[in-house]
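Structural features, examined
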Amino acid sequence: MALSVSKSDKNQNFENREFAMSEADFQKIKTFIYDRAGISLSDQKRGLVYARLTRRLRDLGLTTFKAYLDYLAEGQDNQEFSNLVNALTTNHTKFFRERHHFDFLRGTAAAQWRKQLTRGAPSKIRIWSAGCSTGEEPYTIAMTMAHAFDLDFDWKILATDIDTTVLSHAKRGQYSVDTARDIPAQVKHRYMRSLGQDLIEVDKQLQSHIRFNRLNLHGNWPMKGPFDAIFCRNVTIYFDPPTKNKLIQRFIQLLPPGGFLFLGHSETLASRDLDLEPLGRTVYQRPMKGG
């Protein structure tokens, strides 16, 4: 989901408000979050930055944005960096969001992997959910994979996010009944169980196929891959074209020939010179060898 901004932000005075934010403060915030997370903020987003970060100042007992920047510069509170990123982005997700991706995963991708397995390829499948938020995406991938390959097959999902708060939510695997309304009834019956009090929980065996880790996509990646499929949906909308292009290149390096990349509905490739072939609505494939 894109961030909404006011066209009049540039003309507003943010130094005489409850929390003083000078032009220099705003520029430092822009530079800080770009350097640390690759998130690009235009000058028109002053109002958004002010509105979304004032809660962080209140929670920390600070009175100015300069004091907040000094606090961030100390670097002793890694969680506050996650709080900053979380405040300036939108963790909007749901089960089976953009259902056509999971239809493709269960159909086209699964059929390709079955063919590879019959030809003696390694009998394992690895998938990465990059920017997993509160976990609905990796659990949907897991439900789809269990439907295609059953729970006994060797498939694993790496789910990462920069925000430790949403990761904690995801690891619990517990959701309100209302959030699960988009899960098909048969799938819900098989892989979710009621906890009472309007709560349901993802099946523990299904959860065992997922590993949740904190990861800044703009930083170093400890994993070497390869991943048969990578989901990075509604994440690159916050990046400028050079940062987005670099990220996609890094994804490609972790995809084997024939591997799939899934982007969000509002995202497109920043460059046409990437080693990817479009296969449909925001689904891309690294070309097969000899293809």
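Everything numeric in this text was worked out from a predicted model, so none of it was measured.

Given two aromatic rings, their pairing is described by the distance between the two centres and the angle made by the two planes. One pass over the structure, following the stated rule, counts 17 aromatic pairs. Measuring from centroid to centroid gives 5.9 Å for Phe104 and Phe262, while their planes differ by 75°, and the two rings are edge-to-face. Taken together, the residues span a long stretch of sequence, with Phe104 in helix α5 (residues 99-118) and Phe262 in strand β8 (residues 260-263) at a distance of 158 residues. Judged by relative accessible area, Phe104 falls into the buried class, the value being 12%. For the pair Phe149 and Phe153, a centre-to-centre distance of 5.3 Å together with 25° between the ring planes defines the contact as stacked. Assessed through its relative accessible area of 8%, Phe149 is described here as buried.

What follows concerns the packing of helix α3 (residues 65-74) against helix α4 (residues 78-88). Where α3 meets α4, the axes come as close as 8 Å, and the angle between the chain directions of the two elements is 130°. When the interaxial angle is binned, α3 and α4 end up oblique. In this structure, the crossing between α3 and α4 has a hand that is left-handed. Across the interface between the two elements, Tyr68, Tyr71 and Leu72 from α3 touch Glu80, Phe81 and Leu84 from α4. For the contact of α3 with α4, the residue count by class is 5 nonpolar, no polar and 1 charged.

What follows covers the side chain of Gln112. For Gln112, the location among the structural elements is in helix α5. Relative accessible area serves as the criterion here: at 14%, Gln112 is assigned to the buried category. The contacts of Gln112, once residues within four sequence positions are left out, are Gly258, Phe260, Gln285 and Met288.

Counted under the stated rule, the structure contains 14 salt bridges. Asp70 serves as the salt-bridge partner of Lys66, at 3.3 Å between the closest nitrogen and oxygen. Within this pair, Lys66 and its partner Asp70 are both found in helix α3, separated by 4 residues, close to a single helical turn. When the shortest N-O distance is used, the salt bridge between Asp154 and Arg126 registers 3.1 Å. Of this pair, Asp154 sits in the loop between α6 (136-149) and β2 (155-161) while Arg126 sits in strand β1 (residues 125-130), placing them 28 residues apart in sequence. Among the charged side chains, a salt-bridge network with shared partners connects Arg56, Asp59 and Glu80.

Criteria and cut-off values
Residues numbered from 1 in each chain as written. Predicted model: local features only at pLDDT ≥ 70, side-chain atom pairs only at ≥ 80, totals over all residues. Heavy atoms only, no water. Phe/Tyr/Trp six-rings, centres within 6.5 Å; stacked < 30°, edge-to-face > 60°. Helix = DSSP H or I, 4+ residues; strand = E, 2+ residues; numbered from the N terminus. Buried < 20%, exposed > 50% of the residue type's maximum accessible area, 1.4 Å probe, protein only. Axes fitted to C-alpha atoms, helices over the stretch in contact; angles between N-to-C directions. Parallel < 35°, antiparallel > 145°, perpendicular 65-115°, else oblique. Left-handed = near helix turned anticlockwise from the far one by under 90°. Contact = heavy atoms within 4.5 Å. Nonpolar A, V, L, I, M, F, W, Y, C, P; charged D, E, K, R; others polar. Salt bridge = Lys/Arg side-chain N within 4 Å of Asp/Glu carboxyl O.

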